[in-house]
Amino acid sequence: MKAAEIHNIHKSYDEVKALGGISMQVEKGEIFGLIGPDGAGKTSLIRILTTLLYPDQGQASIFGMDTIRDFKGIRKIAGYMPGRFSLYQDLSVEENLNFYASIFGTTVSENYHLIKDIYQQIEPFKKRLAGRLSGGMKQKLALSCALIHKPDILFLDEPTTGVDAVSRKEFWEILKNLEEVGITIIVSTPYMDEAELCDRVALMQEGQLLDVDTPANIIGKYDHELYAVESRELHQLIKDLRSFDKTVSAFPFGDTVHLATQEKLRRKELQKFLEEKGHEGIAVQSIEPGIEDCFMNLMRKQNDE
Amino acid sequence: MTNENIIEVENLVKKFGKFTANDRLTFQVKKGEILGFLGANGAGKTTAIKILCGISAPTSGKVSVAGFDAVKHPEKIKQNIGYMSQKFSLYDDLTIRENFRLFGGIYGLSRKSIRQRTEELLKRLELYEYRNRILEALPLGWKQKLAFSVAIMHHPQVVFLDEPTSGVDPVTRRQFWELIYEASEEGKTIFVTTHYMDEAEYCDTVSMMVAGQIRAFGEPRELKTEYGVKSVNDLFIKLARN
């Protein structure tokens with residue numbers, strides 16, 4: 001049985017189309033990433049799958065249970081961590097956790113092993129009110145509460161947005177551990193680099209799916225030649241590369257510019273072009289694309305259609 | 001970039017009770033420089049930005065922005081800076097043009113210059129034909145570019161950008177950086193925070209805050225060599241973990 005089956009889901013808010021006919025499947029036990037910027041439809045999809053929102057059209061099921069008819073069954077086996085902190089701010093850390101355990105008919109001690117690694121980090125503050133925790137600690141408490149009834153499937157809506165690079169790395173280590181216990185994880189993120197930490201991803205943009213596959217397969221489907229180009233003046237380099245006749249796209253990526261071309265380049269040709277434009281410290285290297293390169297390429301194709 | 005300092009901070013300390021949020025910060029930022037102000041959540045970035053913008057007073061130390069002292073003349077600082085963030089940007093229930101008029105008025109621009117700047121900035125974004133649209137239904141990427149244009153409408157000497165590209169799609173994120181480059185080339189100093197470490201590489205200078213102190217400050221290229229790391233992301237992880 002699939003962890004999630006999604007058929008032709010549509011959802012609009014007045015004139016704004018949030019989801020325009022989305023279909024995909026999530027396998028049991030995988031970390032499945034919904035990758036896309038704000039407005040891609042990630043939150044709407046998660047809210048539909050967690051039975052909190054009705055789709056306008058289409059069906060979805062979680063472990064065979066329909067999100068509308070069998071919503072009670074889904075709520076028993078799903079853990080959900082919304083994008084906005086929504087625990088009780090006026091209850092303490094400990095009270096929040098006990099409360100969530102009791103509404104699911106379990107106790108903290110029964111499933112403590114599942115949250116131990118995460119909860120230990122906030123346990124010294126267990127008497128503190130949840131509203132007075134730092135961002136990182138709130139996130140750990142929310143995850144603990146979402147896990148305390150030992151869910152089969154965990155929904156995480158942008159758990160790492162606005163979180164610094166170090167805490168993001170730690171959070172993903174936690175997710176990998178949960179995957180090993182057998183929990184299916186559906187996680188959304190606007191950070192493209194996190195796609196490579198998922199088993200499979202759906203790339204989403206403005207309510208549409210750009211692609212659904214493993215990160216490796218998505219990268220394998222990239223259909224241009226890609227080069228990392230360097231020179232002293234990054235901004236001028238971007239502008240000049242865009243005027244090069246073989247360029248499909250030129251975008252900054254960290255300290256280099258990623259140049260996509262239709263066909264293989266002779267490096268000397270590009271070197272000469274840039275020298276004539278007055279660039280210094282030029283370096284050109286053929287590279288493998290990352291998920292972000294693929295995402296931008298798919299976005300461009302979608303716009304061309 | 002020129003040699004003229006637009007921001008000068010010397011031994012800036014900010015305490016909340018016993019907690020020291022900013023611990024003896026000292027740095028300078030030049031005219032036209034793009035400074036990436038980095039640090040983990042809770043490292044003290046927001047506290048420092050509030051002081052630099054003149055909305056919070058330091059406990060001790062000297063802070064001067066655009067030639068004005070942050071303790072004596074915070075109001076003068078506010079007139080000479082622009083500010084935008086993901087959290088505070090434009091009014092969703094006004095049109096693009098109304099937002100420009102509102103903020104232009106707050107900045108004290110004349111009607112004529114509001115009209116001229118609105119036209120000039122919107123044409124540069126290729127959004128002039130949408131000027132009578134209500135903001136609410138516009139794509140996030142447009143809103144962020146518009147918010148940036150509003151923040152530079154009164155020709156501020158310094159622009160503070162607090163996570164301006166958070167949640168924005170990868171293409172728009174890069175277009176946004178081209179706006180930053182253009183503003184810098186016009187001589188505006190840019191003070192920017194971000195959680196996208198690739199964006200840190202686009203800055204002339206990066207500052208890395210850990211537990212209230214600046215632990216590293218310099219050109220990305222030089223810092224990477226100094227610490228023997230490949231990217232600013234690796235540098236961040238190396239410094240923030242210690």
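Residues numbered from 1 in each chain as written. Chains lettered and ligands numbered in written order. Predicted model: local features only at pLDDT ≥ 70, side-chain atom pairs only at ≥ 80, totals over all residues. Heavy atoms only, no water.

A. Molecular detail of the overall build of chain A. In terms of regular secondary structure, chain A is built from 10 helices and 14 strands. Its C-alpha atoms put chain A at 70 × 45 × 35 Å along the principal axes. Looking at chain A as a whole, 53% of its 305 residues qualify as buried. Surface accessibility of chain A: about 14,000 Å² in total, with carbon and sulfur atoms responsible for 46%. Taking the average location of the 36 positive side-chain charges in chain A and that of its 47 negative ones, the two points are 3 Å from each other. (Helix = DSSP H or I, 4+ residues; strand = E, 2+ residues; numbered from the N terminus. Buried < 20%, exposed > 50% of the residue type's maximum accessible area, 1.4 Å probe, protein only. Areas by Shrake-Rupley, 256 points an atom, 1.4 Å probe, with all protein chains shown as cover. Lys, Arg positive; Asp, Glu negative; His and termini not counted. Charge placed at Lys NZ, Arg CZ, Asp CG, Glu CD.)

B. Just the overall build of chain B, in detail. A tally of regular secondary structure across chain B gives nine helices and 10 strands. In summary, chain B has a C-alpha radius of gyration of 18 Å against a globular reference of 18 Å for 242 residues, a match within 12%. For the C-alpha atoms alone, the extent of chain B along its principal axes is close to 50 × 40 × 35 Å. Contacts in chain B between residues at least 24 apart in sequence constitute 68% of all its contacts with a sequence separation of at least 6. The centroid of the 34 positive side-chain charges in chain B is displaced by 5 Å from the centroid of its 30 negative side-chain charges. (Rg over C-alpha atoms; globule rule 2.2 N^0.38 Å. Contact = heavy atoms within 4.5 Å.)

C. Layout of the interface of chain B and chain A. In this assembly, 31 residues from chain B lie in contact with 32 residues from chain A. Both sides together, the interface formed by chain B and chain A hides about 2,600 Å², and carbon and sulfur atoms give 57% of it. Applying the counting criterion to the chain B and chain A interface returns four salt bridges. Counting every contact that joins chain B to chain A gives nine residue pairs in polar contact (both at pLDDT 80 or more). For the side of chain B that touches chain A, the elements supplying multiple residues, two or more each, are helix H6 (170–185), helix H7 (197–200), helix H8 (220–227) and helix H9 (232–241) of chain B. Per-element accounting of the side of chain B that touches chain A gives the leading share, eight residues, to H6 of chain B. (Buried area = accessible area lost by both parts, 1.4 Å probe. Salt bridge = Lys/Arg side-chain N within 4 Å of Asp/Glu carboxyl O. Polar contact = N/O pair within 3.5 Å; in protein donor to acceptor, adjacent residues only side chain to side chain.)

D. The arrangement of the pattern of salt bridges in detail. According to the stated counting rule, one finds 31 salt bridges over all chains in the structure shown. Between Lys301 of chain A and Asp223 of chain A there is a salt bridge, with the nearest N and O atoms lying 2.4 Å from each other. With Lys301 of chain A in helix H10 (residues 291–304) and Asp223 of chain A in the loop between helix H7 (215–220) and strand E11 (225–230), the pair connects residues that are 78 residues apart, well separated along the chain. Look at Lys301 of chain A and you get partly exposed, because its relative accessible area is 30%. Relative accessible area serves as the criterion here: at 38%, Asp223 of chain A is assigned to the partly exposed category. Shared partners join several salt bridges into a network, and the residues in it are Glu292 of chain A together with Arg173, Arg174, Asp198 and Glu199 of chain B.

E. Up close: the pairing of strand E3 (residues 31–35) of chain A. Residues and elements named next belong to chain A. Among the five residues in E3, five count as buried, and that is most of the element. Of the two faces of E3, the one carrying Ile31, Gly33 and Ile35 and the one carrying Phe32 and Leu34 are both buried. Pairing geometry for E3 and strand E8 (residues 184–189), over five bridges, is parallel. Each residue of the ladder has a partner; that of Gly33, found in E8, is Val187. (Pairing = 2+ DSSP bridges.)

F. Geometry of the domain arrangement of chain A. Partitioning chain A into domains gives domain 1 (4–219) and domain 2 (223–288). A separation of 39 Å is found between the C-alpha centroids of domain 1 of chain A and domain 2 of chain A. (Domains from an automatic or database assignment.)

G. Helix H5 (residues 135–147) of chain A, seen in detail. Look at H5 of chain A: 19 Å from first C-alpha to last across 13 residues, which is about the 18 Å you get at 1.5 Å a residue. Buried within H5 of chain A are the following residues: Met137, Gln139, Lys140, Leu141, Ala142, Leu143, Ser144, Cys145, Ala146 and Leu147 of chain A. (Expected span 1.5 Å × (residues − 1).)

H. View of the confidence of the model for chain B. When pLDDT is averaged along chain B, the result is 93; 98% of the residues meet or exceed 70. Confidence scores differ between elements of chain B, with H9 of chain B showing the lowest mean pLDDT of 89 and strand E4 (residues 60–65) of chain B the highest of 97. (pLDDT = per-residue confidence, 0-100.)

I. The arrangement of the nonpolar core in detail. One finds Val229, Leu241 and Leu270 of chain A together with Leu146, Phe148 and Leu161 of chain B to be the most contacted residues of the largest nonpolar core, which totals 65 residues. Not counting residues up to four positions away in its chain, the partners in contact with Leu270 of chain A are Val229, Leu241, Phe244, Leu259, Leu265 and Val284 of chain A. Counting 53 residues, the second-largest nonpolar core is a separate cluster that includes Ala101, Ile118, Ala130 and Leu143 of chain A. (Core = buried A, V, L, I, M, F, W, Y, C linked by side-chain atoms within 4.5 Å.)

J. Quick peek at the environment of Gly212 of chain B. Residues and elements named next belong to chain B. Along the chain, Gly212 turns up in the loop between strand E9 (205–210) and strand E10 (213–218). For Gly212, a relative accessible area of 1% puts it in the buried group. Counting along the chain gives 56 residues from Gly212 to Pro156, while the straight-line C-alpha distance between them is 28 Å. Residues within four places of Gly212 in sequence aside, it is in contact with Ala21, Asn22, Asp23, Leu25 and Ala43.

K. Just unusual backbone geometry, in detail. A positive phi is found at Glu158 of chain A, a non-glycine position, where the angle reads about 45°. Of note, Glu158 of chain A is situated in the loop between strand E7 (153–157) and helix H6 (165–180).

L. Structural detail: the sheet that holds strand E2 (residues 16–26) of chain A. Residues and elements named next belong to chain A. The four strands lie next to each other as E2-E1-E4-E5, forming an open sheet whose pairing is antiparallel. The strands lining the two open edges of the sheet, one partner per strand, are E2 and strand E5 (65–66). Note: strand E4 (residues 57–62) against E5, two bridges, orientation antiparallel. The partner of Ile62 across the bridge, within E5, is Met65.

M. Structural view of the packing of helix H8 (residues 234–242) of chain A against helix H9 (residues 267–276) of chain A. Residue and element names in this part refer to chain A. It is the contact of H8 with H9, at a shortest axis distance of 11 Å, that shows an interaxial angle of 120°. On the basis of the axis angle, H8 is oblique to H9. For the crossing formed where H8 meets H9, the hand is right-handed. When H8 is examined against H9, the residues Leu237, Asp240 and Leu241 are found in contact with a partner set consisting of Leu270, Phe273 and Leu274. (Axes fitted to C-alpha atoms, helices over the stretch in contact; angles between N-to-C directions. Parallel < 35°, antiparallel > 145°, perpendicular 65-115°, else oblique. Left-handed = near helix turned anticlockwise from the far one by under 90°.)

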